[in-house]
Amino acid sequence: MLDTTTRKGRTEAAAPTDAATPALVTENVARSFGALKAVSNVSITIAPGERRAILGPNGAGKTTLFNTICGDHPPTAGRILLFGEDITHLQPHRRARLGIGRTYQSSLLFTGLSVLENLYLAVRGAMPGRLSLWKAGHGDPALAKARRLAEQVRVDTIAGARIDSISHGQRRQVEVGMALASDPRLLMLDEPAAGLSAAERPELVKLIRDLPRELTLILIEHDMDVALPNSDKVTVMKDGEVVVESTPDRIADDPLVQAIYLGGEH
Amino acid sequence: MSLMSRSHWTLTALVLAILVSMPLLLPDFWLSGILGRSLIYGIVALSITFLASYGGFISLAQTMLAGIAGYTVAILAPTAIPASQSAVSYWLAMPLAVLAATLAGAVVGLIAIRTRDIYLLMITLALAVGFSLFAQSNIDWFNGYEGIRNVVGPELFGQPFRAHTVFYYVSLTLAALLYLMVLYVVRTPFGLVLQGIRDNPRRVAALGFDVAVHRIAAFAMAGFIAGCGGVLITFYNIGITPGSIGMTATVNVLVMSVIGGLGHPVGAFIGAVIFTLIDTFAATIYDRDRFNTLIGLVFLGIVVASPDGVLGLGKRLAGRGKRKDAGDGGTPH
Ligand SMILES: Nc1ncnc2c1ncn2[C@@H]1O[C@H](COP(=O)(O)OP(=O)(O)OP(=O)(O)O)[C@@H](O)[C@H]1O
Ligand SMILES: [Mg+2]
């Protein structure tokens, strides 16, 4: 009886989920580009509040897996459930409204707008009135939230600067800020530290560590020193498939992982 | 969030003040034949520049949308020749005409929903040519090749609409309002999303915005702007013909936008003034046939010298004098 009500009574707004419902389930998800199988047969279950790292060599299909989840490249086979709800065939903006936030491997920001405008838009995307013709006044709560986000990701000092005038590291921080703006239930970070200098790295690692604990997080990261301390579980992908699923303390000893990472990887 | 920097406001106010005082300085021909005409075609060019500058869409359907407003007001006009069965007051016909253009703009946006760049150009051009051919062949409503004459517009302040000063001030007021509307809208959530779509539609969707809906709304707004221009152009020409909204007219308005510069809405009016000056005076010096050659050469010259039009040329020249101060990079909040 309880089961049927939760299934039928679900609305677009975040319905309450009991602890047993996983945050994300991918069931045999596959994605092909023509003849190329970028992702095949990936089944992952992520618990609410879990932090999951995804490792794997270049071309393993990690980013493509993100794209199937957020809807940019919907799966060609399989199912995806977000907090129990089937989102396999939803458009990207619908999935975003259900609580998926993500960053991109190479920043996808609005280069012609300022840092604060980027964050402000990200906040507005999660609110009603998306076609609003009212300019944000000083008391606008969305603008205030954008300012708080700027502080949180430490770009408040350059809030007025246009994206095309700020550094790569700062763009990575704005990326994370925008993904957080909707208060997502599931946050997916795609190599957030990619291309950062040794000096910029700790800033970002700290930013990830300071994320609220109840947030479900999937982190794609090449750098084991960034990935392992920030995860509860680790999934390793290769050639579009999941090859190992383990805990951070055991992953380094796994013979397959050693073969991938120590045999040939940079 | 201010619309423009203080120096921009000062400049805008100064230019407006000069334009307002023009009836004291200029002879009638210049007032309506050059400035007024530039303003009304500039409004249609503004609808192109708005879409291009903030949405990244180049639409060739804007002259058609102006034409839809023009034909609507002509068909409903109480003074029209041939007389219409459906005549109403101008005060009702005008808003209906603008509404028709707005809705038609939304339809164009819907038809072109998935296209960008060259494909968008092709599809909007096809719509424009198609509409012009339809108007030419339809007798019942559009009176075919001859079009609709004697659409003189309403009386204002006891004077005919086409009285030079009346026409000029109405055009100036409307152009200024639409220009400021564009500058305002691009700072609202709707306008910011539009610029987001220009920079990165994928990210816009990932933030929860429905890109399709925003695109349609942007085309509707551009249709509204073009429709306002279309009504004024129809009064200016005292009627409308299929030729006035055909391929040549479509290209002319695009040329205005590009000459002026697609980077900022003011470019539409700069381009319109340059175009009108060349159009008026080249035709008296040369014969009519050579006009297209001349405007073509000017177009080529400006675009080669500065891909972002006169506006970009001006900016570059100013930038050579003094480096742009870093704080001016767009701090709208
Ligand atoms: N849009 C696309 N069109 C065609 N092929 C694609 C597309 N996206 C990804 N691929 C291909 O799918 C495979 C997996 O790519 P993906 O980007 O998912 O790998 P990755 O694990 O994220 O690698 P990296 O560590 O380099 O980011 C690659 O062979 C890639 O070329
Ligand atoms: Mg990748």
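Residues numbered from 1 in each chain as written. Chains lettered and ligands numbered in written order. Predicted model: local features only at pLDDT ≥ 70, side-chain atom pairs only at ≥ 80, totals over all residues. Heavy atoms only, no water.

**Section: the overall build of chain B**
At step 1: If you tally the helices and strands in chain B, you get 13 helices and 4 strands.
At step 2: Over its C-alpha atoms, taken along the principal directions, chain B stretches across nearly 60 × 50 × 40 Å.
At step 3: By residue count, 52% of the 333 residues in chain B fall in the buried class.
At step 4: Counting only contacts in chain B whose residues sit at least 6 apart along the sequence, the fraction spanning at least 24 positions is 76%. (Helix = DSSP H or I, 4+ residues; strand = E, 2+ residues; numbered from the N terminus. Buried < 20%, exposed > 50% of the residue type's maximum accessible area, 1.4 Å probe, protein only. Contact = heavy atoms within 4.5 Å.)

**Topic: the coordination of the magnesium ion (ligand 2)**
All names here are of chain A.
At step 1: Within the first shell, the magnesium ion (ligand 2) binds the protein through Thr63 (OG1) and Gln105 (OE1), at distances of 1.9 to 2.1 Å. Pair noted here: threonine 63 is in helix 2 (residues 62-70) and glutamine 105 is in the loop between strand 6 (100-102) and helix 4 (115-124), with a separation of 42 residues, a long-range link.
At step 2: Of the residues examined, glutamine 105 reaches a relative accessible area of 34% and is grouped as partly exposed. (Donors = N, O, S within 2.8 Å, 3.2 Å for Na, K, Ca; no water.)

**A look at the nonpolar core**
At step 1: Counting residues in each nonpolar core, the largest one holds 138 residues, and the members touching the most others are Leu119 and Val174 of chain A together with Phe50 of chain B.
At step 2: The two domains that each donate at least three residues to this core are domain 1 (22-99 + 184-266) and domain 2 (109-181) of chain A.
At step 3: Aside from chain neighbours lying at most four places away, what touches valine 174 of chain A is Leu109, Val115, Asn118, Leu119, Val155, Ile163 and Ile166 of chain A.
At step 4: Among the nonpolar cores identified, the runner-up in size contains 24 residues, and Leu65, Ile80, Leu186 and Ile220 of chain A belong to it. (Core = buried A, V, L, I, M, F, W, Y, C linked by side-chain atoms within 4.5 Å. Domains from an automatic or database assignment.)

**Considering the interface of chain B and chain A**
At step 1: In this assembly, 32 residues from chain B lie in contact with 38 residues from chain A.
At step 2: Carbon and sulfur atoms supply 62% of the area buried between chain B and chain A, which totals about 3100 Å² over both sides.
At step 3: At the boundary of chain B and chain A, one finds 3 salt bridges.
At step 4: Aspartate 72 of chain A serves as the salt-bridge partner of arginine 202 of chain B, at 2.5 Å between the closest nitrogen and oxygen.
At step 5: On the surface where chain B and chain A come into contact, there are 13 residue pairs in polar contact (both at pLDDT 80 or more).
At step 6: At the level of elements, helix 6 (164-185), helix 7 (189-199), helix 8 (201-206) and helix 9 (211-236) of chain B are the ones that each hand at least two residues to the side of chain B that touches chain A.
At step 7: Examining the composition of the side of chain B that touches chain A, we find that 8 residues originate from one element, helix 7 of chain B, more than from any other.
At step 8: Class assignment for the residues of the side of chain B that touches chain A results in 16 nonpolar, 10 polar and 6 charged. (Buried area = accessible area lost by both parts, 1.4 Å probe. Salt bridge = Lys/Arg side-chain N within 4 Å of Asp/Glu carboxyl O. Polar contact = N/O pair within 3.5 Å; in protein donor to acceptor, adjacent residues only side chain to side chain. Nonpolar A, V, L, I, M, F, W, Y, C, P; charged D, E, K, R; others polar.)

**A closer look at the domain arrangement of chain A**
Residue and element names in this part refer to chain A.
At step 1: Split by domain assignment, chain A resolves into domain 1 (22-99 + 184-266) and domain 2 (109-181).
At step 2: The gap between the C-alpha centroids of domain 1 and domain 2 is 25 Å.
At step 3: Taken together, the 18 residues of domain 1 in the interface contact 12 residues of domain 2.
At step 4: For the pair domain 1 and domain 2, the summed buried area comes to about 1200 Å², and 61% of that belongs to carbon and sulfur atoms.

**Some thoughts on the packing of helix 1 (residues 6-25) of chain B against helix 6 of chain B**
Residue and element names in this part refer to chain B.
At step 1: Across the interface, helix 1 lies against helix 6 with an axial gap of 9 Å and an inter-helix angle of 165°. Considered as vectors, helix 1 and helix 6 are oriented roughly antiparallel to each other. Our pair here, helix 1 against helix 6, has a crossing hand that is right-handed. Residues Trp9, Thr12, Leu16, Leu19, Val20, Met22 and Pro23 of helix 1 form the contact with helix 6, whose participating residues are Thr165, Tyr168, Tyr169, Leu172, Ala176, Tyr179 and Leu180.
At step 2: Of the residues contributing to the contact of helix 1 with helix 6, the split by class is 12 nonpolar, 2 polar and no charged. (Axes fitted to C-alpha atoms, helices over the stretch in contact; angles between N-to-C directions. Parallel < 35°, antiparallel > 145°, perpendicular 65-115°, else oblique. Left-handed = near helix turned anticlockwise from the far one by under 90°.)

**A look at the confidence of the model for chain B**
At step 1: In the predicted model, chain B carries a mean pLDDT of 89, and the fraction of residues at 70 or more is 93%.
At step 2: Overall fold confidence for the complex sits at a pTM of 0.88, while the interface term, ipTM, reaches 0.85. (pLDDT = per-residue confidence, 0-100.)

**Let's talk about the sheet that holds strand 10 (residues 241-246) of chain A**
Residues and elements named next belong to chain A.
At step 1: Strand order in the open sheet formed by 6 strands is 6-7-8-3-9-10, and the pairing between neighbours is mixed. Looking along the sheet, the strands with just one partner apiece sit at the ends: strand 6 and strand 10. The average undirected angle you get between the axes of adjacent strands in this sheet is 20°.
At step 2: Looking at chain direction, strand 6 and strand 7 (residues 186-190) are connected through 3 bridges and run parallel. The residue bridging isoleucine 100 from the neighbouring strand is leucine 186, located in strand 7.
At step 3: Those strands touched by helix 2 are strand 3 (51-55), strand 6, strand 7, strand 8 (216-220) and strand 9 (233-238), and its axis lies near 150° from that of strand 7.
At step 4: In this fold helix 6 (residues 168-180) packs onto strand 6 and strand 7, with an angle of close to 160° to the strand it touches most, strand 7. (Pairing = 2+ DSSP bridges.)

**Observations regarding a nonpolar patch on the surface**
At step 1: Taken together, the side chains of Leu11, Leu14, Val15 and Ile18 of chain B define a hydrophobic patch exposed on the protein surface, amounting to about 360 Å² of accessible area.
At step 2: Within the secondary structure, leucine 14 of chain B sits in helix 1. (Patch = residues over 30% accessible without salt bridge, like charges linked within 9 Å, V, L, I, M, F, W, Y side chains within 5 Å. Areas by Shrake-Rupley, 256 points an atom, 1.4 Å probe, with all protein chains shown as cover.)

**Some details on the side chain of threonine 276 of chain B**
Residues and elements named next belong to chain B.
At step 1: Within the secondary structure layout, threonine 276 lies in helix 11 (residues 266-285).
At step 2: Here serine 38 takes part through its side chain, which lies 3.2 Å from a polar atom of the side chain of threonine 276.
At step 3: Setting aside chain neighbours within four positions, we find threonine 276 in contact with Gly33, Ile34, Arg37 and Ser38.

**Focus: the environment of glycine 36 of chain B**
Residues and elements named next belong to chain B.
At step 1: For glycine 36, the location among the structural elements is in helix 2 (residues 28-55).
At step 2: The buried category is assigned to glycine 36, whose relative accessible area is 0%.
At step 3: Distance from glycine 36 to alanine 175, taken between C-alpha atoms, is 9.9 Å for residues 139 residues apart in sequence.
At step 4: Sequence-distant contacts of glycine 36, defined by excluding residues within four places in its chain, comprise Leu31, Phe167, Tyr168 and Ser171.

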